[in-house]
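Structure assessment
Below are the chains, spelled out letter by letter.
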Amino acid sequence: MEGVTPRRLLGPRFRSRLRLPVIGTALVAVGLVYAALVPSGAAGADGPQSQQIEAGRRLFAVGCASCHGLHADGGTNADGRMAGPSLIGVGAAAVDFQVGTGRMPAAQPGAQIPQKPPVYNQDEIAALAAYIASLAPGPAIPASASYDVSKATQEEIARGGELFRTNCTACHNFAGRGGALPNGRYAPSLMSTTPRNMYQAMLTGPQQMPVFSDAVLLPEDKRAIIAYIVALQTSKDPGGFGVGRLGPVSEGLWGWLVGIGLLVAVAVWIGARVPRVRRTRD
């Protein structure tokens, strides 16, 4: 056996058989390293979240892409004018607000998109929000604890009133009943708005409303404003008529019109009841 090297002892057939276990072991090792380094969310690409995103993409392609573009980067009409803005980076909160209040999809473009019954159900709205959120980072749908004001104190409500009068009354008036804006736009009434949509509106700034991010209004400030608006929604009118809750202006106008009108009516009635005296000729 002199002069026989180990390479000659391990013939080609044996080496080919040995190669398979070595390759298999290497693949297993690479797989274990990959599983340890890749985040669990990326590994579950076919999980419930990805299915929700895919469902939202299909809904978007059917009901939204004609205005906002197939990839949500904005669209134009036949005249080359913008039909719908880009939704890249608006976040899930904006979708939940706009679609949940029925403002989107819009029947037709205009100066102001009014609120109407929603077209999609809650699962479909969540799918659309998940799809838009997957395109780029943006404000997320707030947790219920962020806008729960069921245990708000009178101090928080009072502070919310001060914040509301400072930041919101220029458009919504101090009673939250809304008001007119230039060019056919208007600030809607807040008397039927839910706390969730109030919080999302402050986060995203829909239509003419400015964005009140957490850097502008702290989360506790937003919650205090919501508590004040909810207090307005549930408050009663001791006099029986709210008269728009505009204070002495509307109350004085109502008193003037009704009071003077009654006086005129009484004067006419008295004049009709007094017998006329005819003059006789000399």
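Residues numbered from 1 in each chain as written. Predicted model: local features only at pLDDT ≥ 70, side-chain atom pairs only at ≥ 80, totals over all residues. Heavy atoms only, no water.

Along the chain, the regular secondary structure elements total 13 helices and four strands. Taking all 282 residues of the chain together, the buried fraction comes to 27%. A separation of at least 24 residues holds for 56% of the contacts in the chain among residues at least 6 apart in sequence. A total of about 19100 Å² of accessible surface is found on the chain, and carbon and sulfur atoms cover 61% of it. (Helix = DSSP H or I, 4+ residues; strand = E, 2+ residues; numbered from the N terminus. Buried < 20%, exposed > 50% of the residue type's maximum accessible area, 1.4 Å probe, protein only. Contact = heavy atoms within 4.5 Å. Areas by Shrake-Rupley, 256 points an atom, 1.4 Å probe, with all protein chains shown as cover.)

What follows is about the pattern of salt bridges. Across all of its chains, the model carries five salt bridges by this definition. Its salt-bridge partner being arginine 196, residue aspartate 96 comes within 3.1 Å of it at the nearest N-O pair. A residue pair is termed long-range when its members are at least 10 positions apart, and aspartate 96 in helix H6 (residues 91–100) and arginine 196 in helix H11 (residues 195–204) qualify at 100 residues. Residue aspartate 96 is classed as buried on the basis of its relative accessible area, which comes to 7%. A salt bridge links lysine 222 to aspartate 214, with the nearest nitrogen and oxygen atoms 2.9 Å apart. Lysine 222 sits in the buried class, given a relative accessible area of 0%. Under the relative-accessibility criterion, aspartate 214 is labelled partly exposed at 38%. One salt-bridge network, in which partners are shared between bridges, spans Glu54, Arg57 and Arg58. (Salt bridge = Lys/Arg side-chain N within 4 Å of Asp/Glu carboxyl O.)

Packing of H6 against helix H7 (residues 122–135) leaves a shortest axis separation of 8 Å and a crossing angle of 145 degrees. Read as a crossing pair, H6 and H7 show a hand that is right-handed. Facing H6, whose interface residues are Gly91, Ala92, Val95, Asp96, Val99 and Gly100, H7 presents Ile125, Leu128, Ala129, Ile132 and Ala133. In terms of residue class, the contact of H6 with H7 is built from eight nonpolar, two polar and one charged. (Axes fitted to C-alpha atoms, helices over the stretch in contact; angles between N-to-C directions. Left-handed = near helix turned anticlockwise from the far one by under 90°. Nonpolar A, V, L, I, M, F, W, Y, C, P; charged D, E, K, R; others polar.)

Time to look at the packing of aromatic side chains. This model, assessed by the stated rule, comprises two aromatic pairs. Seen from their ring centres, phenylalanine 60 and tyrosine 131 are 5.5 Å apart, and the 50 degrees between their planes marks the pair as tilted. Residue phenylalanine 60 is located in helix H4 (residues 48–63), and its partner tyrosine 131 is located in helix H7; the two are separated by 71 residues in the primary sequence. Aromatic side chains phenylalanine 164 and tyrosine 228 sit 5.6 Å apart centroid to centroid with 45 degrees between the ring planes, which places their arrangement in the tilted category. Here the residue phenylalanine 164 occupies a position in helix H9 (residues 154–167), and tyrosine 228 occupies one in helix H12 (residues 219–234), the gap between them amounting to 64 residues. In terms of burial, phenylalanine 164 and tyrosine 228 fall into one category: buried. (Phe/Tyr/Trp six-rings, centres within 6.5 Å; stacked < 30°, edge-to-face > 60°.)

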